[in-house]
Amino acid sequence: TRAISDWSHQTAERSGAAIEFIEMPEFYLRQIEFKDDMRRISNEVNIFSPKSRQILLDWIDSVSIDKSGVLWIATGSGMVRFDPALTNSTDQKAAWSLFSSANSGLPNNDIYPIAIDADDNKWVGTFGFGVAKLSADGKWESFTTKNSGLPDDLVRSIYIDDAQNKWIGTLYGGLARMEPAKLGS
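How each quantity is defined
Residues numbered from 1 in each chain as written. Predicted model: local features only at pLDDT ≥ 70, side-chain atom pairs only at ≥ 80, totals over all residues. Heavy atoms only, no water. Helix = DSSP H or I, 4+ residues; strand = E, 2+ residues; numbered from the N terminus. Buried < 20%, exposed > 50% of the residue type's maximum accessible area, 1.4 Å probe, protein only. Contact = heavy atoms within 4.5 Å. Areas by Shrake-Rupley, 256 points an atom, 1.4 Å probe, with all protein chains shown as cover. Pairing = 2+ DSSP bridges. Axes fitted to C-alpha atoms, helices over the stretch in contact; angles between N-to-C directions.

## Regarding the overall build of the chain
Working step 1: In terms of regular secondary structure, the chain is built from three helices and 13 strands.
Working step 2: Of all 185 residues assigned to the chain, the portion counted as buried reaches 41%.
Working step 3: Residue pairs at least 24 apart in sequence account for 38% of intrachain contacts in the chain once pairs closer than 6 positions are excluded.
Working step 4: Split by element, the accessible area of the chain, about 10600 Å² in all, is 51% carbon and sulfur.

Below, the structure is given as structure tokens:
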């Protein structure tokens, strides 16, 4: 059980909905630790097109690892997929993929969190375009204030609990829960 250091109630400016804040500094500290790891990885890995290395060093907001050991990296340029198992292949490009609004169902390139559920679906929080879901079979789906119960389209965090509920933290609308039965997983 985590100790809650601060619990306060406020109202969102845009929606007027009640917001509950739970301050847990350990989450912010974990993100800072990733930056040094990404610098180390970007220097150790033979990256095809050396200028692509810069994607890893510019803006990384989160890193998640799927069941196969593939890294999914949230950047200001979209979502980067890095498969370390392919780094020794003759085609170095195969290890790296960039999903952007130009080449995929990602609605916006400015993304913050990536969370991966038990079915290996990737849940991607965007800056102003809600949540995008990349299913394990490669299909994209978007959830916004217009087509779901999401209170705000500026998504800052996603947490998936043991029951596969998606807890979506938004900038102005507070916290939303997306239940698996209503989402198809």
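Right, picking up where we left off after that structure.
## Quick look at the sheet that holds strand E4 (residues 71-75)
Working step 1: In space, the four strands of this open sheet follow the order E3-E4-E5-E6, with antiparallel pairing throughout. Strands at the two margins of the open sheet, each flanked by one partner only, are strand E3 (60-65) and strand E6 (96-99). Across this sheet, the average inter-strand angle for adjacent strands is 20°, counted without regard to direction.
Working step 2: Sheet analysis places E3 next to E4, joined by five bridges and oriented antiparallel. Bridging across to E4, Val63 finds its partner in Ile73.

## A look at the sheet that holds strand E9 (residues 131-134)
Working step 1: Taken in spatial order, the four strands of this open sheet run E7-E8-E9-E10, and their pairing is antiparallel. The sheet is open, and its two borders are formed by strand E7 (111-116) and strand E10 (140-143), each paired with just one other strand. Geometrically, the sheet is characterised by an average inter-axis angle of 20° between neighbouring strands, direction not taken into account.
Working step 2: With four bridges connecting them, strand E8 (residues 122-126) and E9 associate as antiparallel partners.

## A short note on the environment of Gly105
Working step 1: Turning to its location among the elements, Gly105 is positioned in the loop between E6 and E7.
Working step 2: Given the relative accessible area of 29%, Gly105 is considered partly exposed.
Working step 3: In this structure the C-alpha to C-alpha distance between Gly105 and Trp140, which are 35 residues apart in sequence, comes to 5.3 Å.
Working step 4: When sequence neighbours within four positions are dropped, the list of residues in contact with Gly105 reads Trp140 and Ser142.

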